[in-house]
Amino acid sequence: MPEAPKLAEHSVVSENNNRVLQFIEEVTTNADEVQKNVLAEILTQNIHVEYLQRHGLNGHTDRDTFKKIMPAITYEDILTDITRIANGDKSQILCSQPISEFLTSSGTSGGERKLMPTIEEELARRSQLYSLLMPVMSQFVADLEKGKGMYFLFIKSEAKTPGGLPARPVLTSYYKSSHFKNRRPDPYTNYTSPNETILCSDSYQSMYSQMLCGLCQNKEVLRVGAVFASGFIRAIRFLEKHWPLLCHDIRAGTINSQITDPSVRESVMKILKPDPKLADFVEVECSKDSWQGIITRLWPNTKYIDVIVTGTMSQYIPTLDYYSNDLPLVCTMYASSECYFGVNLNPLCKPSEVAYTLIPTMGYFEFLPVHRNNGVANSISMPKSLNEKEQQELVDLVDVKIGQEYELVVTTYAGLYRYRVGDVLRVAGFKNNAPQFNFICRKNVVLSIDSDKTDEVELQNAVKNAVTHLMPFDAHVTEYTSYADTYTIPGHYVLFWELNVNGSTPVPPSVFEDCCLTIEESLNSVYRQGRASDKSIGPLEIKVVESGTFDKLMDYAISLGASINQYKTPRCVKFAPIVELLNSRVVSSYFSPKCPKWIPGHKQWNNMN
């Protein structure tokens with residue numbers, strides 16, 4: 001099986017780039033053969049594990065037997081196995097190699113983050129995918145090796161399972177690994193942020209020090225970014241709020257006393273020198289009334305912004321365009337906690353046209369055809385468990401059809417077998433024999449601001465819990481919908497409520513604030529972490545609308561062609577005219593008065609302590 005080339009030294013950058021591009025050419029040309037070998041390798045390595053034995057695979061490593069015998073599964077199907085491993089069972093349950101840690105997914109089960117098993121060798125596989133990105137990019141943008149990348153990268157809270165295994169987000173795992181910390185000198189991984197600033201667990205100190213280093217090296221910056229669009233916009237808003245402090249530090253060559261982490265201070269002081277001229281320049285630009293184009297004004301040599309703007313992140317595109325004077329927005333790769341999948345081979349395309357080529361060496365990929373409900377966007381029929389006919393519908397990587405939508409199903413080296421990831425992809429074309437996919441959406445997600453994902457059922461339950469506060473006032477919610485407001489930074493959830501109030505006593509504002517907080521307390525741990533720890537989500541807002549608003553909403557939908565017989569109130573709205581209609585009828589609005597409770601780790605682990 002072909003191996004991804006290793007990163008090369010500066011002097012042979014173009015030679016290394018050519019090797020990487022040749023590797024991509026080979027594995028996409030021989031995609032089916034590579035996939036067959038990957039599956040055989042995974043099954044051979046794990047031939048005696050309990051999970052495969054349980055399903056009666058009996059040592060078979062061929063694709064036909066695997067597809068015939070092994071079921072496509074969801075997280076709930078392996079939750080018992082995951083729990084055993086988390087509690088310290090070291091037997092070969094899912095994988096023959098020891099599970100080294102759990103990667104916490106941004107998807108949830110029972111309101112808690114899902115735990116994805118991983119093994120040591122997966123870090124090397126993830127590093128291999130990173131090694132493909134810049135050689136691809138260098139075909140489209142010249143001389144990137146001659147400057148630096150200003151990336152705002154952060155670690156998040158982590159926990160230990162009762163059995164002592166780390167449980168943390170995939171990027172936190174990667175940044176803390178030797179693959180990242182001890183990476184070989186390479187012009188493409190030359191960042192303005194020292195490792196110590198990225199690895200600082202205090203989000204304020206990390207952001208402040210990374211921004212300070214980025215400003216000090218502003219002329220060297222050729223590309224800027226973060227993981228998600230929301231994260232990069234938060235960095236710009238941070239600059240908007242704190243530029244006077246940053247200018248003071250640049251002018252004096254000192255670091256603000258709020259930065260108390262000794263390793264951060266030491267690493268920044270290696271970069272920071274008194275520079276009154278640069279401080280004046282930053283001050284003049286940041287003092288201007290308009291912040292339009294602030295990125296190209298402060299970092300004049302920037303060629304593109306590297307952030308994820310597909311899926312729910314597309315809501316941030318207008319804000320990024322405003323701050324950057326329409327610099328190219330580049331989505332380089334497609335990855336998740338379960339597996340790293342592929343790369344964008346045409347990185348300068350429009351965000352709406354981003355297509356990821358799945359790299360066949362990363363795992364074994366299958367695809368379950370998705371059927372839309374009446375063609376309505378985000379209304380996707382996805383059965384929880386598959387019957388025999390649906391099971392037989394799964395197709396291999398090279399057999400997908402252009403234009404068809406599929407749910408991604410993956411088998412990994414770390415012990416996931418025919419696991420349904422929950423991402424809906426559409427086939428956009430092919431690179432040789434490997435398909436290229438547009439990311440359409442996460443299954444069932446109605447609201448998302450950052451890495452949070454809230455579905456309709458969860459939202460419904462949260463509202464149900466909140467409306468109990470209205471009962472003493474003989475008031476109830478007759479209809480509601482929701483909206484992810486990304487014009488505020490950080491973005492926040494908005495719920496539009498239409499009320500029926502029969503009581504004589506008006507509902508006090510504090511009761512609506514209690515409703516806001518109850519909804520937040522009822523949402524999943526990823527949302528609550530975003531609110532309480534990461535500060536990546538703002539306080540939830542309830543907007544009370546005047547009576548008859550939802551009738552107007554129905555009239556508007558029918559005027560656009562909806563059937564009066566089939567119309568039901570959407571639980572989430574995105575279409576700007578509908579949001580405008582709702583906002584025009586708001587009579588009062590209320591915000592959550594404080595952050596919901598959140599602590600690292602799963603509830604059941606914390607109860608054991």
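Please read all numbers here as calculations on a predicted model, not as lab measurements.

J.: How should the overall build of the chain be read in this particular structure?
T.: When helices and strands are tallied, the chain shows 22 helices and 24 strands. Taken over C-alpha atoms, the radius of gyration comes to 25 Å for the chain, in line with the 25 Å a tight globule of 609 residues would show. With the C-alpha coordinates aligned to their principal axes, the bounding extent of the chain is approximately 75 × 70 × 55 Å. For the chain, the proportion of its 609 residues judged to be buried stands at 54%. Considering only contacts in the chain between residues 6 or more positions apart, those separated by 24 or more positions represent 70%.

J.: Is there a simple way to think about the side chain of His 492 in this case?
T.: Checked against the element boundaries, His 492 lands in strand E22 (residues 492-501). Only 2.9 Å separates the side chain of His 492 from the side chain of Thr 488, close enough to count as a polar contact. Within the local environment of His 492, its side chain forms a polar contact with the side chain of Glu 541, the two groups lying 2.8 Å apart. Discounting residues that sit within four places of it in the chain, His 492 has contacts with Ile 449, Tyr 483, Ala 484, Asp 485, Ile 537, Gly 538, Pro 539, Glu 541 and Phe 591.

J.: Looking at this structure, I do not really get helix H15 (residues 317-324). What am I missing?
T.: Every α-helix winds through 3.6 residues per turn, so residues three or four apart in the chain are directed the same way. Every buried residue of H15 is listed here: Ile 317, Thr 319, Leu 320, Tyr 323 and Ser 324. One side of H15 holds all its buried residues, which, seen down the axis, span an arc of 160°. Summarising the contacts, the buried residues of H15 are in contact with helix H11 (229-252), helix H14 (294-298), strand E7 (304-308) and strand E8 (329-330). Note on H15: the residue one or two positions beyond its end, Asn 325, has a positive phi of about 55°.

J.: Would you take a moment to explain the sheet that holds E8 for this structure?
T.: Strands in a sheet are paired, the pairing made by backbone hydrogen bonds, and the direction either parallel or antiparallel. With parallel pairing, the four strands of this open sheet are ordered in space as E3-E6-E7-E8. If you trace the sheet from one side to the other, it starts and ends with strand E3 (148-152) and E8, each paired once. Inspection of the sheet shows E7 paired to E8 by two bridges, in the parallel sense. Paired with Asp 306 across the two strands is Val 330, which belongs to E8. The sheet strands contacting H11 are E3, strand E6 (221-228) and E7, and the helix crosses E6 at an angle near 120°.

J.: Please explain the packing of helix H17 (residues 456-466) against helix H18 (residues 509-522) as it appears in this structure.
T.: Angle between the axes and distance between the axes are the two parameters that describe a pair of packed helices. The contact between H17 and H18 brings their axes to 8 Å, and the two run at 140°. Taken together, the axes of H17 and H18 are oblique relative to one another. Here H17 runs over H18; the crossing is right-handed. For the pair H17 and H18, the contacting residues are Glu 458, Ala 462, Val 463, Asn 465 and Ala 466 in the first and Cys 515, Thr 518, Ile 519 and Ser 522 in the second.

J.: Would you take a moment to explain the pattern of salt bridges for this structure?
T.: Opposite charge on two side chains makes pairing possible when the charged atoms of those side chains draw close. What the rule picks out here adds up to 30 salt bridges. Note that Lys 431 and Glu 25 form a salt bridge whose closest N and O atoms lie 3.0 Å from each other. With a gap of 406 residues between them, Lys 431 in strand E17 (residues 419-431) and Glu 25 in helix H1 (residues 13-29) connect regions that are remote in the sequence. Under the relative-accessibility criterion, Lys 431 is labelled partly exposed at 23%. Look at Glu 25 and you get partly exposed, because its relative accessible area is 30%. The network of salt bridges with common partners includes Asp 32, Arg 63, Lys 67, Glu 366, Asp 396 and Arg 418.

J.: Would you mind showing me how to read the environment of Tyr 590 here?
T.: For Tyr 590, the location among the structural elements is in strand E24 (residues 586-591). The sequence separation of Tyr 590 and Pro 509 amounts to 81 residues, and the corresponding C-alpha distance is 7.1 Å. Apart from residues lying up to four places away in sequence, Tyr 590 is in contact with Pro 509, Phe 512, Glu 513, Cys 516, Leu 540, Glu 541, Ile 542 and Val 544. Side-chain polar atoms of Tyr 590 contact the side chain of Ser 588, separated by 3.0 Å.

Conventions used here
- Residues numbered from 1 in each chain as written.
- Predicted model: local features only at pLDDT ≥ 70, side-chain atom pairs only at ≥ 80, totals over all residues.
- Heavy atoms only, no water.
- Helix = DSSP H or I, 4+ residues; strand = E, 2+ residues; numbered from the N terminus.
- Rg over C-alpha atoms; globule rule 2.2 N^0.38 Å.
- Buried < 20%, exposed > 50% of the residue type's maximum accessible area, 1.4 Å probe, protein only.
- Contact = heavy atoms within 4.5 Å.
- Polar contact = N/O pair within 3.5 Å; in protein donor to acceptor, adjacent residues only side chain to side chain.
- Arc of directions from axis to C-beta.
- Pairing = 2+ DSSP bridges.
- Axes fitted to C-alpha atoms, helices over the stretch in contact; angles between N-to-C directions.
- Parallel < 35°, antiparallel > 145°, perpendicular 65-115°, else oblique.
- Left-handed = near helix turned anticlockwise from the far one by under 90°.
- Salt bridge = Lys/Arg side-chain N within 4 Å of Asp/Glu carboxyl O.

Read these as spatial facts, not as claims about activity.
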